[in-house]
Amino acid sequence: MTDPRLLLGQTLAFTADPFAVPAAEAARHDARGAVLVEDGRIRATGPADLLRAAHPQVPVTDHGTALILPGFVDAHVHYPQTGIIASWGKRLIDWLNSYTFPEEMRFSDPAYAAEVAARYLDLVLAHGTTTVASFCTIHPESVEALFEAALARGLRLVAGKTCMDRNAPAGLRDTPRSAHDDSAALIARWHGRDRLTYAITPRFSPTSTPEQLEAMGALWADHPTCLMQTHLSEQTDECAWVAELFPDARDYLDTYHRFGLVGPGAVFGHAIHLSDRERARLREADAALVHCPTSNTFIGSGLFDMDGLSADGHRIGLATDTGGGSSFSMLRTMAAAYEVAQLRRRPLHPAELLWLATAGSARALRLDDRIGRLAPGMEADLVVLDLASTPAIAQRAARAGDIWEAVFPTIMMGDDRAIRATYVAGRPVPRPTA
Ligand SMILES: [Zn+2]
């Protein structure tokens with residue numbers, strides 16, 4: 001239980017999906033707004049003078065002209081790759097073999113896993129991200145470490161043991177049985193505890209045998225409230241490899257579908273090179289697609305079809321995909337999403353970018369009834385953005401005619417210096433001391 005507090009600043013509260021209505025009209029902006037938080041939840045939002053008059057006894061934290069938003073939701077990350085972010089060169093499969101797998105090997109050591117989990121969560125909080133959905137490694141210790149660190153910080157978080165039983169080095173392979181049983185034990189221990197959600201996590205079909213994918217499907221059928229996260233159609237040579245490994249499959253998506261891994265609660269990272277059949281099947285299943293733009297440009301994967309997929313009504317989230325992605329920042333990720341969409345001739349409105357990084361990602365993770373919007377009843381995970389955090393941003397924002405023009409320079413040029421404060425369940429996160 002926490003005492004009530006009024007946070008003052010500019011507020012931007014989405015009232016609709018900006019992909020479904022004129023984007024600029026999808027949110028209510030209060031230039032002098034307030035958010036009333038109590039017991040970890042948002043109790044009210046609205047103009048500051050009205051809320052202050054209604055709650056005269058409640059203590060106030062005044063963030064001035066900074067913009068209060070829901071905390072960012074990063075719908076696809078690999079926390080074990082924190083230490084190898086920005087590793088030079090390579091395409092996807094080489095990148096996994098050269099950088100990812102040797103690093104992931106180290107997570108059999110619980111002390112190392114705990115150290116990286118703590119460092120990772122503190123980094124993302126400093127970037128204004130309050131929920132992530134993370135792959136771990138094949139080691140149950142890596143999952144324990146991340147859930148423990150999230151629990152200690154009161155975070156809402158999604159994670160799962162990455163399962164791989166082929167095409168990975170010795171030391172990074174499990175089996176269909178051990179993947180099933182280790183995942184089941186982690187579900188029993190963590191799923192639904194405090195603010196934690198378990199995601200059944202086959203890495204991707206090249207590193208799982210059909211037997212392992214079948215075991216994952218059976219596990220999900222036994223635990224339907226878990227999410228299921230994996231990768232789909234990131235690079236064309238990966239797609240060709242999948243076709244070789246699964247000669248009977250109709251397409252990449254079918255390698256999951258035939259084992260019961262496509263349905264509501266399935267979360268597919270990347271989803272760039274999709275056939276019409278795959279798009280239709282994903283839509284029908286109401287599965288989520290997660291756009292990882294800094295990763296897609298960094299590893300040279302391709303250009304996500306935000307325009308077409310959003311027009312078709314897909315459930316779409318936004319993510320850094322660290323460490324394949326090149327930044328921990330959802331601001332930088334929104335900027336990359338803007339740039340990728342521009343290459344497909346679709347300029348995304350700032351409202352669409354901010355929605356993807358908050359409510360859109362929450363919806364992809366089926367947490368949109370709890371996080372991702374400034375609205376009464378939602379959990380009070382918040383980020384407070386300084387819209388003039390550097391001289392370059394400040395001089396551009398000073399010319400802004402409305403809130404969208406004011407926030408766009410921070411989206412395009414901002415980083416962790418723009419994060420004035422982060423709140424988790426209504427409590428301010430201590431600022432990093434280094
Ligand atoms: Zn990934």
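Residues numbered from 1 in each chain as written. Predicted model: local features only at pLDDT ≥ 70, side-chain atom pairs only at ≥ 80, totals over all residues. Heavy atoms only, no water.

(A) Inspection of unusual backbone geometry at higher detail. A cis amide bond links Thr322 with the next residue in sequence, Gly323, at an omega value of 0 degrees. Looking at where Gly323 falls in the secondary structure, it is placed in the loop between β13 (315-318) and α12 (330-343). Phi at Arg366 takes a positive value of approximately 55 degrees, unusual for a residue other than glycine. Secondary-structure assignment places Arg366 in the loop between α13 (350-364) and β14 (382-385). (Helix = DSSP H or I, 4+ residues; strand = E, 2+ residues; numbered from the N terminus.)

(B) Representation of the pairing of strand β12 (residues 288-291) within the structure. Burial of β12 is two-sided: the residues Ala288 and Val290 facing one way and the residues Leu289 and His291 facing the other way are all buried. The pairing of strand β11 (residues 266-270) with β12 spans three bridges and is parallel. Note on β12: the bridge partner recorded for Gly269 is Val290. The handedness of the β11 to β12 crossover, carried by helix α9 (residues 276-285), is right-handed. Where β12 lies against β13, four bridges are found, and the strand directions are parallel. Considered in β13, the bridge of Val290 is made with Gly317. (Buried < 20%, exposed > 50% of the residue type's maximum accessible area, 1.4 Å probe, protein only. Pairing = 2+ DSSP bridges. Right-handed = clockwise from strand over helix to strand, strands pointing away.)

(C) Representation of helix α4 (residues 140-153) within the structure. For α4, built from 14 residues, the straight-helix expectation of 20 Å at 1.5 Å per residue is met to within 8% by its first-to-last C-alpha distance of 20 Å. Of the positions making up α4, those classed as buried are Ser142, Val143, Ala145, Leu146, Phe147, Ala149 and Ala150. On its buried face, α4 sits against α3 (110-126), β6 (129-135), β7 (157-160), α5 (176-190) and β9 (196-202). Trailing α4 by a residue or two, Gly154 shows a phi angle of about 70 degrees, which is positive. (Expected span 1.5 Å × (residues − 1). Contact = heavy atoms within 4.5 Å.)

(D) Inspection of the pairing of strand β1 (residues 5-14) at higher detail. Along β1, nine of the ten residues are buried, which leaves the element largely enclosed by surrounding structure. Sheet topology places β1 next to strand β4 (residues 60-70); five bridges connect them, and they run parallel. The residue of β4 that forms the bridge with Leu8 is Asp62.

(E) Highlighting the sheet that holds strand β16 (residues 427-428). Judged by pairing direction, the sheet is mixed, and its seven strands sit side by side in the order β3-β2-β1-β4-β14-β15-β16 without closing on themselves. Looking at which strands have only one partner, the edges of the open sheet turn out to be β3 (41-47) and β16. Relative to β16, strand β15 (residues 419-424) runs antiparallel, the two sharing two bridges. From the neighbouring strand, Tyr423 faces β16, where its bridge partner is Pro428. Of the strands in this sheet, β1 and β4 are in contact with α13, which crosses β1 at around 120 degrees. Against the sheet, helix α15 (residues 403-413) contacts β1, β2 (27-38), β4 and β14, and its axis sits at roughly 100 degrees relative to β1. (Axes fitted to C-alpha atoms, helices over the stretch in contact; angles between N-to-C directions.)

(F) Geometry of the coordination of the zinc ion. Around the zinc ion, the protein contributes the donor atoms His76 (NE2), His78 (NE2), His231 (NE2) and Asp321 (OD), which lie 2.1 to 2.5 Å from the metal centre. Because the angles between the four donor atoms bound to the zinc ion fall within 89 to 171 degrees, the donor set is best described as irregular. Site description for the zinc ion: donor spacing in sequence, H-x1-H-x152-H-x89-D. Within this pair, whereas His78 is found in strand β5 (residues 72-78), its partner His231 is found in strand β10 (residues 227-232), the two being separated by 153 residues in sequence. Across this residue pair, the class does not change: His78 and His231 are buried. (Donors = N, O, S within 2.8 Å, 3.2 Å for Na, K, Ca; no water. Tetrahedral: all angles 85-135°; square planar, octahedral: opposite > 155°, others 65-115°.)

(G) Structural view of the side chain of Ser301. You can see Ser301 is positioned in the loop between α10 (293-298) and α11 (306-311). A distance of 3.1 Å separates a polar atom in the side chain of Ser301 from a polar atom in the side chain of Gln235. (Polar contact = N/O pair within 3.5 Å; in protein donor to acceptor, adjacent residues only side chain to side chain.)

(H) Summary view of the packing of aromatic side chains. According to the stated counting rule, one finds eleven aromatic pairs in the structure shown. For the pair Phe107 and Tyr112, a centre-to-centre distance of 5.2 Å together with 70 degrees between the ring planes defines the contact as edge-to-face. Ring plane angle 45 degrees and centroid distance 6.4 Å describe the contact between Phe147 and Tyr198, whose orientation is recorded as tilted. In this pair, Phe147 is assigned in helix α4 and Tyr198 in strand β9, connecting sequence segments 51 residues apart. (Phe/Tyr/Trp six-rings, centres within 6.5 Å; stacked < 30°, edge-to-face > 60°.)

(I) Structural context of the environment of Thr333. With respect to the secondary-structure elements, Thr333 resides in helix α12. Residues Thr333 and Pro224 lie 109 residues apart in sequence; the distance between their C-alpha atoms is 31 Å. With residues near it in sequence (within four places) discarded, Thr333 still touches Pro293, Thr294, Leu318, Ala319 and Thr320.

(J) Broad picture of the nonpolar core. Grouped together as the largest cluster of nonpolar side chains are 102 residues, with contacts concentrated most on Tyr79 and Phe268. Ranked by residue count, the leading element in this core is α3, at eight residues. Sequence-distant contacts of Phe268, defined by excluding residues within four places in its chain, comprise Met228, Thr230, Leu232, Leu253, Tyr256, Leu261, Val262, Leu282, Ala287, Ala288, Leu289 and Val290. With 16 residues, the next largest nonpolar core counts Ala75, Ala133, Ala288 and Ile371 among its residues. (Core = buried A, V, L, I, M, F, W, Y, C linked by side-chain atoms within 4.5 Å.)

(K) Here's a closer look at the pattern of salt bridges. Applying the stated criterion across every chain yields a total of 30 salt bridges. The salt bridge involving Glu379 is made with Arg156; its shortest N-O contact spans 2.8 Å. Of this pair, Glu379 sits in the loop between α13 and β14 while Arg156 sits in the loop between α4 and β7; the two residues are 223 residues apart in sequence, bridging distant segments of the chain. Exposure remark for Glu379: the relative accessible area of 9% places this residue in the buried category. (Salt bridge = Lys/Arg side-chain N within 4 Å of Asp/Glu carboxyl O.)

The quantities given are spatial measurements derived from coordinates; they are silent on function.
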